[in-house]
Amino acid sequence: MVFRWSSPAARCLLLSLLLLAFWEAGSGQLHYSVPEEAKHGTFVGRVAQDLGLELAELVPRLFRVASKDRGDLLEVNLQNGILFVNSRIDREELCGRSAECSIHLEVIVDRPLQVFHVEVEVRDINDNPPTFSVKEQKLSIPESRLLDSRFPLEGASDADVGENAMLTYKLSPNEFFLLDVIKKKDKDKFPVLVLRKLLDREENPQLKLILTATDGGKPEFTGSVSLLILVLDANDNAPVFDRPVYEVKMYENQANQTLVIWLNASDADEGINKEMMYSFSSLVPPTIRTKFQINERTGEIKVNDAIDFEDSNTYEIHVDVTDKGNPPMVGHCTVVVELLDENDNSPEVVVTSLSLPVKEDALVGTVIALISVSDRDSGANGQVTCSLMPHVPFKLVSTYKNYYSLVLDSPLDRESISDYDLVVTARDGGSPSLWATASVSVEVADVNDNAPAFAQPEYTVFVKENNPPGCHIFTVSARDADAQENARVSYSLVERRVGERALSSYVSVHAESGKVYALQPLDHEELELLRFQVSARDAGVPPLGSNVTLQVFVLDENDNAPALLAPRVGSTFGAVTEAVSRMVGAGHVVAKVRAVDADSGYNAWLSYELEPAAGSARSPFRVGLYTGEISTTRALDEADAPRQRLLVLVKDHGEPALTATATVLVSLVESSQAPKASSRALASPVGPEAALVDVNVYLIIAICAVSSLLVLTLLLYTALRCSAPPSEGACGPGKPRLVCSSAVGSWSHSQQRVCSGEGLPKTDLMAFSPSLPPCPVVEVEVEDDQSVGGNQSRKPRQPNPDWRYSASLRAGMHSSVHLEEAGILRAGPGGPDQQWPTVSSATPEPEAGEVSPPVGAGVNSNSWTFKYGPGNPKQSGPGELPDKFIIPGSPAIISIRQEPTNSQIDKSDFITFGKKEETKKKKKKKKGNKTQEKKEKGNSTTDNSDQ
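Predicted model only: the values in this text are computed from it and were never measured.

What counts and how
- Residues numbered from 1 in each chain as written.
- Predicted model: local features only at pLDDT ≥ 70, side-chain atom pairs only at ≥ 80, totals over all residues.
- Heavy atoms only, no water.
- Helix = DSSP H or I, 4+ residues; strand = E, 2+ residues; numbered from the N terminus.
- Buried < 20%, exposed > 50% of the residue type's maximum accessible area, 1.4 Å probe, protein only.
- Contact = heavy atoms within 4.5 Å.
- Areas by Shrake-Rupley, 256 points an atom, 1.4 Å probe, with all protein chains shown as cover.
- Pairing = 2+ DSSP bridges.
- Salt bridge = Lys/Arg side-chain N within 4 Å of Asp/Glu carboxyl O.
- Axes fitted to C-alpha atoms, helices over the stretch in contact; angles between N-to-C directions.
- Disulfide = S-S within 2.5 Å.
- Lys, Arg positive; Asp, Glu negative; His and termini not counted.
- Polar contact = N/O pair within 3.5 Å; in protein donor to acceptor, adjacent residues only side chain to side chain.
- Patch = residues over 30% accessible without salt bridge, like charges linked within 9 Å, V, L, I, M, F, W, Y side chains within 5 Å.
- Phe/Tyr/Trp six-rings, centres within 6.5 Å; stacked < 30°, edge-to-face > 60°.
- pLDDT = per-residue confidence, 0-100.

Q: Explanation requested: the overall build of the protein chain in the structure shown.
A: A tally of helices and strands in the protein chain yields seven helices and 62 strands. Among the 947 residues that make up the protein chain, the fraction classed as buried is 44%. Restricting to contacts in the protein chain with at least 6 residues of sequence separation, those with at least 24 account for 67%. Summing over all exposed atoms, the protein chain offers an accessible surface of approximately 48300 Å²; the carbon and sulfur share of this is 53%.

Q: For this particular structure, what's the right way to read the pairing of strand β21 (residues 300–303)?
A: Consecutive side chains of a regular strand alternate in pointing toward one face of the sheet and then the other. Pairing geometry for strand β17 (residues 259–262) and β21, over three bridges, is antiparallel. When the sheet's bridge partners are listed, Ile261 is paired in β21 with Ile301. Linking two consecutive strands that pair antiparallel, namely strand β20 (residues 292–294) and β21, is a turn of five residues; a positive phi of about 80 degrees is found at Gly299 within it.

Q: Help me understand the pattern of salt bridges, please; the structure alone is not making it clear to me.
A: Side chains that differ in charge, positive against negative, can pair when their charged atoms come close. Counted by the stated rule, this structure contains 17 salt bridges. As a salt-bridge pair, Asp446 and Arg414 come within 3.0 Å of each other at their nearest N and O atoms. In this pair, Asp446 sits in the loop between β31 (435–445) and β32 (453–454) while Arg414 sits in the loop between β29 (403–408) and β30 (419–428), placing the two residues 32 residues apart along the sequence. Here Asp446 and Arg414 have matching classes, each one buried. Members of the salt-bridge network, linked through shared partners, are Glu37, Arg88 and Asp90.

Q: Looking at this model, I keep getting lost on the sheet that holds strand β16 (residues 245–251). Mind explaining?
A: The strands making up a sheet associate through backbone hydrogen bonding, with each pair oriented either parallel or antiparallel. Read across the open sheet, the four strands follow the order β16-β23-β22-β19; overall the sheet is mixed. A single partner strand is all that each edge strand has here, and the edge strands are β16 and β19 (276–280). Averaged over all pairs of adjacent strands, the angle between their axes in this sheet comes to 25 degrees, without regard to strand direction. In terms of strand pairing, strand β22 (residues 314–323) meets strand β23 (residues 330–340) through nine bridges, oriented antiparallel. If you follow Val319 over to β23, its bridge partner there is Cys333.

Q: Is there a simple way to explain the state of the cysteines in this structure?
A: What is meant by a disulfide is a covalent connection between two cysteines, made through their sulfur atoms. A complete count under the given rule lists one disulfide for this structure. At a sulfur-sulfur separation of 2.0 Å, the disulfide partner of Cys95 is Cys101. What sets the handedness of the Cys95 and Cys101 disulfide is the S-S torsion sign, and at about 70 degrees it is right-handed. For the pair Cys95 and Cys101, a shared accessibility class is recorded, and that class is buried.

Q: Could you clarify how one ought to interpret the sheet that holds β29 in this entry?
A: Read across the open sheet, the four strands follow the order β24-β26-β29-β28; overall the sheet is antiparallel. Edge positions in the open sheet fall to β24 (348–352) and β28 (394–400), since each of these has one partner strand only. Neighbour to neighbour, the strand axes of the sheet diverge by 30 degrees on average, direction disregarded.

Q: Would you mind going over the side chain of Asp375 with me for this structure?
A: On the secondary structure map, Asp375 appears in the loop between β26 (367–374) and β27 (384–389). Although Asp375 lies buried, it forms no salt bridge, and the closest oppositely charged side chain, Arg376, sits 7.5 Å away as judged by the N-O distance. A polar contact is formed between the side chain of Asp375 and the backbone nitrogen of Asp377, at a distance of 2.9 Å.

Q: It is not clear to me how unusual backbone geometry should be interpreted in this structure. Could you clarify?
A: Trans peptide bonds make up the majority, and among non-glycine residues the majority have a negative phi. Residue Pro390 follows Met389 across a cis peptide bond; omega there is -10 degrees. Within the element layout of this structure, Pro390 appears in the loop between β27 and β28. Despite not being glycine, Arg111 has its phi angle at roughly 60 degrees, a positive value. Among the structural elements, Arg111 can be located in the loop between β6 (102–109) and β7 (114–123). In this model, Asn253 sits at a positive phi of 60 degrees, which is unusual for a non-glycine residue. Accessibility expressed as a relative area gives 39% for Asn253, which makes it partly exposed.

Q: What exactly am I supposed to notice about a nonpolar patch on the surface here?
A: Residues Val697, Tyr698 and Ile701 make up a contiguous nonpolar surface patch of roughly 340 Å² in combined accessible area. A residue is classified by how much of its surface remains accessible, and Val697, at 40% relative accessible area, is partly exposed.

Q: So what exactly am I meant to see when it comes to the packing of aromatic side chains here?
A: In this description, a pair of aromatic rings is defined by centroid distance and the angle of the planes. Overall, the coordinates contain nine aromatic pairs when judged by the stated rule. Arranged with centres 5.2 Å apart and planes meeting at 50 degrees, the rings of Tyr459 and Phe474 form a pair that is tilted. Remark: Phe474 occurs in strand β34 (residues 471–475) and Tyr459 occurs in strand β33 (residues 458–464); sequence separation between them is 15 residues. Phe474 carries the same exposure label as Tyr459, and that label is buried. Ring plane angle 20 degrees and centroid distance 5.3 Å describe the contact between Phe462 and Phe553, whose orientation is recorded as stacked.

Q: Would you mind showing me how to read the confidence of the model for the protein chain here?
A: For any part of a model where pLDDT is low, the fine detail of the predicted coordinates should not be relied upon. Put simply, the protein chain has an average pLDDT of 74, and 69% of its residues get 70 or more. Long-range and interchain partners of residues 675–690, a stretch whose pLDDT sits below 50, account for nine contacts in this model, where long-range means more than four residues apart. Here residues 930–947 is a poorly scored stretch, pLDDT under 50, and it has 40 contacts once near neighbours within four places are set aside; other chains count.

Q: Got a minute to help me understand the side chain of Asn467 in this structure?
A: Note on placement: Asn467 falls in the loop between β33 and β34. Separated by 3.5 Å, the side chain of Asn467 and the backbone oxygen of Gln520 make a polar contact. With sequence-adjacent residues up to four places away left out, Asn467 is seen in contact with Ala518, Gln520, Pro521 and Leu522.

Q: Teacher, can you tell me more about the environment of Ser374 here?
A: Here Ser374 shows up in strand β26. Separated by 29 residues in the primary sequence, Ser374 and Asn345 place their C-alpha atoms 10.0 Å from one another. In this structure Ser374 touches Lys68, Pro347, Glu348 and Val384, once residues within four positions along its chain are discounted.

Q: It is not clear to me how the environment of Ala66 should be interpreted in this structure. Could you clarify?
A: With respect to the helices, strands and loops of the structure, Ala66 is situated in strand β3 (residues 64–67). Sequence separation between Ala66 and His104 is 38 residues, and the spatial gap between their C-alpha atoms is 8.8 Å. Aside from chain neighbours lying at most four places away, what touches Ala66 is His104, Leu105 and Glu106.

Take a look at the structure:
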């Protein structure tokens, strides 16, 4: 900027006032001015200071200047915030003949993103002299032309504007012509020669003059052209147009051969001197000649090529009309064609400064992109409005004229929508309107706002004991709705102590796959239930996590052989010696073998067998199959050996079965020696029996308390079910519910999984409870496909209260759960209640019923079978007891059946405990063979089935 004031303070004051005026007029826009052709580094303005930005924050906020189609003419020094000239500025190159010329700059800073608009006006300086299109202009003027005849000349042009382009003309001194200047509509001037003295060809056949053009700049520039005037003889009347200037208005984009104007000239001469020809003047540039054509004979001017308002809105056509006289005379006129704009240009949309991707936690109002629109049309056809589809969650905010900002209008959620395809539509105000679109793809960046989630809060896993170390027992999986690192889940144990040991000594979890491994063999006798938590955490910042609970039930395997109990306290089990009188009869109990098994369930169910003697003599003794009691099978006689060595084989029912052997030495004595032996036998067990009875009393009390709690729970559940309103009619079938009993006696709906993959354990019970308690229950299902039928109309009678468990069954009570007290037995929901028999330590009576399997089998058995003795026969008609029952608190089904007196009972007739059909058939075949052998030996198999 150049100010010719003497005082620097006055110049600064004036500059400040101008900047303030420009700021208020432009609603926040900065205005500067700079002369063209300024040198590199010329000061333009303190843009950072005027925008209120601190110099220290220019670099951190990425201060930058952008200009559309203006290159790097201006630049900002980031050290002092001064806008300066970076390269040569040529106003004529930038704006042509436009009266106003400015450079629009966008000043952009980040953090937060801000956009400022700066306009720098480029002031014209007088750096272009006037120029003529030709070096010499030729004019043919007949000598007969009258005074004051006018001859138009081609004017000069000046690339500058304003005062610098105001031209004045001067003609070299002569006696024949004067120079006149005609002002055109656009304030331009063109020179005209005026004849002030008649020409005489004989005296001056030609004249040479100099036409000089001077502009109004300081310093002044001049340009000149040589005028060659040829004086013609003869024809002294030139054709004349009715008007020197014709003005025509027409719309752009007219079709070829469209008539522009029909010119008409007249000539006062006659004959051949009156015939005329129309043509474009030599002053018409080639660009106009290509767009228009003229008919030589008629003077019609028509469109010859595309005429576009955006290329040029006016055309100035110089037309000559020449007669055919000799010499020919020429008339002149000017046709000014003004084009009217049509809406033939669609808007243009430019998207710049994209800030992508956008974090999903970005604040409302965050600027995402800058959008500029433009239209080459003018007036209403060039007025552009912008719209955005879809509207949510973004919107367009107008910042300055045709500039818009794409901002966030509502919160984002990447998990719902991860990217948006926006369409910006720019529509002009023409009729019909034209539009243009630009697509903006906005990607939403993820933030860690979702914690890993498990499918369910708790899992139940079943693992057989004695598993190999490192066995894969389960796989946990958590899903994170986030993406990339925020969705990468790692797993770990929630460390705690299990007894005296750390949880990590039992199990481990793979950090990436979530596989849970057992680090050591698990022992059911040591640990039946292992409950722990697995944590899942993502890799986000900050990390998020959640926990899931795993219940690992350790299933029993037959890994403990039966252990024989010592007959006396403080002694070890060896060979037991018993003295028996020869006078005893059949069925006399000689001794009893006691054994326990550390396993549970089916693996702890013990049976006793007497090994046959080495010789062929038939032994007079037998052993109870489940009691271990050794008794006589007949009366002893003199033929029996005085010392009998009995080998009792104790065997469990595991797969494979494990055994132990007890040796009993029986001495046959005379009747006089029997009381002494009996007295010794009775005196020694008093202590052990009393201690065992005390232990059994505590076990019975504990078992009864647990069973009572389970019975009360089931009764409460049944009462709640009965009080619930029916959903379908008074007595309609309801949707059954699946209830599972776990190995530890709890009711669970969890899914079960066994490491070995052999299916569900034998201890599972599934009972389907109907929705309508008043209706009869048709069926109760067990996992080994056993079904129970019940009828509500039956009225069961009380079973024989003298049913007893054998005394030998008390030996296994420390590892099994038994029914030791009277409990409530239901035939099904809504069925009759009945008292269940108790467990006694007395020896079973001949008339008492039988129960199998024994209590030593524990709650892991799948069914129970009761038989009625002769003292309590089972009725076959209506009102008899239901065939099968469900014991509350035990995953078992009890089947009751009646057997005739002294009938042959085979062990294979009992309901199996989770065995396969092939195993049942093998046992039945094996028992059949044994029964046949016993029949041949004369033994009673009925007693062997006692419990």
